Amino acid sequence: MSSLLPRAVLVTRQTEFDRLIASHATRGQAEFFLKSRNQSLKVLEERHMKQTTTVEWAKRAVPEEWTTAEVLREDLDRFLFAANDIVIAIGQDGLVANLAKYLEGQPVLGVTPDPEWTEGALTSITVDRLPGLLPPVAAGDIELERRSMVEARLEDGQKIAALNELFIGHRSHQSARYLIRCGKAEEFQSSSGVIISTGTGLTGWARSILTATRKEVAFGVQDRRAVHFTREPWPSRHTGCSLSFGEISEGEMIELTSRMNEGGVIFADGIEQDFLRFDWGVTTGVALSSRTMNLVTPS
């Protein structure tokens, strides 16, 4: 950690209640909208209040001599994290995955405002534990789970990293067309895109792909391994599907070269608005990242 006093960065995202109010201007109009569809605002409001209360208690848990900053998920691509930051992500598991690519090793505490509404894979800490956790985190006197990440890098040096998975394909529902190279083998494919998943990602999007394809992959969240899937590869006279699944180990790389005139994208962990262009002729290499997401995992 830096010799500077730490800064606690609280990361949240708008609640479903927030978004409803933003769409309908007032609480009354939002409630009327849901009632007309035989739905209730009460549950969403209760969850919203739990998150609001958790954020307030998290602020109180920060030592007085530290500074505090707050950032919404939607603003992460414009927020500048510092080396001495300690990140407190308050929400569901996906929020931690969303912010991982913007970090450079800062410790992350995943806090759940409501254990009943999260799987707890990344946000398992309850807010009452923060006062006892923050000082040892700042002192570097606590165990960190160093979760592996994957990274796509273009020939011009642009890169993007992911904690769960990278998506490489077309931004719409039309087919993605590209040349894929795995070692000495290469194949022209037309598909719904390629997913490259880490061990963390095997509990997310990749889990549904494994279920649908009846594939079996087993490695841990800190293992230096990843797996790539081609979604719905189309076999034809010109396109194949023999390279639709495989593992990537430390020191290995797969390459893809776009054959899409426009609309090709590479994005990470579901944040579609923050992407690299992957149009005709662009080549990307995908490998394990030198970075890890350092998650606080108290016993």
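Quick note: structure is the one above.
Rules behind the numbers
Throughout, a residue's number is its position along its own chain's written sequence, starting from 1. Residues qualify for local features only when their pLDDT is at least 70, as the model is predicted, and side-chain atom pairs are given and counted only at 80 or more; totals for whole chains, interfaces and linings, by contrast, use all residues. Each side-chain value is worked out from all heavy atoms of the structure, with water and hydrogens disregarded. For salt bridges, the criterion is a side-chain nitrogen of Lys or Arg within 4 Å of an Asp or Glu carboxyl oxygen. Think of it this way: any DSSP run of H or I at least four residues long counts as a helix, any run of E at least two long counts as a strand, and we number them from the N terminus. The cut-offs for exposure are 20% and 50% of the maximum accessible area for each residue type, with area from a 1.4 Å probe on protein chains only; residues under the lower value are buried, those over the upper are exposed, and the others partly exposed. Think of it this way: DSSP has to see at least two bridges between two strands before they count as a pair. Each axis is a line fitted through C-alpha atoms, and for a helix only the stretch in contact is used; angles between axes span 0 to 180 degrees, taken between their N-to-C directions. Only centres within 6.5 Å qualify two rings of Phe, Tyr or Trp (six-membered ring in Trp) as a pair; their planes then separate them into stacked at under 30 degrees, edge-to-face at over 60, and tilted for everything else. Two conditions define a charge sitting above a ring: the NZ of Lys or the CZ of Arg must be within 6 Å of the ring centre, and it must be within 35 degrees of the ring normal. Multiplying 1.5 Å by the residue count of a helix minus one yields the expected span of that helix. What the arc covers is the set of directions going from the helix axis to the C-beta atoms.

**Some points on the pattern of salt bridges**
Now for step 1: As enumerated under the stated definition, the model contains 17 salt bridges in all.
Now for step 2: Between Lys 59 and Glu 70 there is a salt bridge; the shortest N-O distance is 2.9 Å. One end of the pair, Lys 59, is in helix α3 (residues 42-61); the other, Glu 70, is in strand β2 (residues 67-72), and 11 residues separate them in sequence.
Now for step 3: Here Arg 153 and Glu 151 are joined by a salt bridge, their closest N and O atoms 3.2 Å apart.
Now for step 4: Note on Arg 153: relative accessible area 40%, which makes it partly exposed.
Now for step 5: The network of salt bridges with common partners includes Arg 27, Glu 31 and Glu 45.

**Points about the sheet that holds strand β11 (residues 225-230)**
Now for step 1: On the basis of which strands lie adjacent, the open sheet formed by six strands has the order β12-β11-β10-β7-β14-β15 and antiparallel pairing. Strand pairing shows two members of the sheet lacking a second neighbour, β12 (245-249) and β15 (275-277), which therefore form its edges. When the angles between neighbouring strand axes are averaged without regard to direction, this sheet yields 20 degrees.
Now for step 2: Alignment of strand β14 (residues 264-268) against β15, held across three bridges, turns out to be antiparallel. In the strand pairing of β15, Phe 267 is matched with Phe 275.

**Here's the deal with the packing of aromatic side chains**
Now for step 1: Across all of its chains, the model carries four aromatic pairs by this definition.
Now for step 2: Where Phe 79 meets Phe 81, the ring centres are 4.8 Å apart and the plane angle is 70 degrees; that geometry is what we call edge-to-face.
Now for step 3: Given the relative accessible area of 11%, Phe 81 is considered buried.
Now for step 4: Ring centres 6.1 Å apart and planes at 15 degrees place the aromatic pair Phe 167 and Trp 205 in the stacked group. Taken together, the residues Phe 167 in strand β7 (residues 165-170) and Trp 205 in helix α6 (residues 205-213) connect sequence positions 38 residues apart.
Now for step 5: Overall, Trp 205 belongs to the partly exposed group, its relative accessible area being 31%.
Now for step 6: Chaining the aromatic ring pairs together yields one cluster made of Phe 167, Trp 205 and Phe 267.
Now for step 7: Positioned above the aromatic ring of Trp 57 is the side chain of Arg 60, whose terminal nitrogen or guanidinium carbon lies 4.8 Å from the ring centre.

**So, α3**
Now for step 1: An ideal rise of 1.5 Å per residue puts 28 Å on 20 residues; α3 measures up with 29 Å between its terminal C-alpha atoms.
Now for step 2: Residues Leu 44, His 48, Gln 51, Thr 54, Val 55, Ala 58 and Ala 61 constitute the buried set of α3. Down the axis, α3 shows its buried residues gathered within 145 degrees of arc, on one side only. Pointing more than 90 degrees away from the buried face of α3 are the exposed residues Lys 42 and Arg 60.

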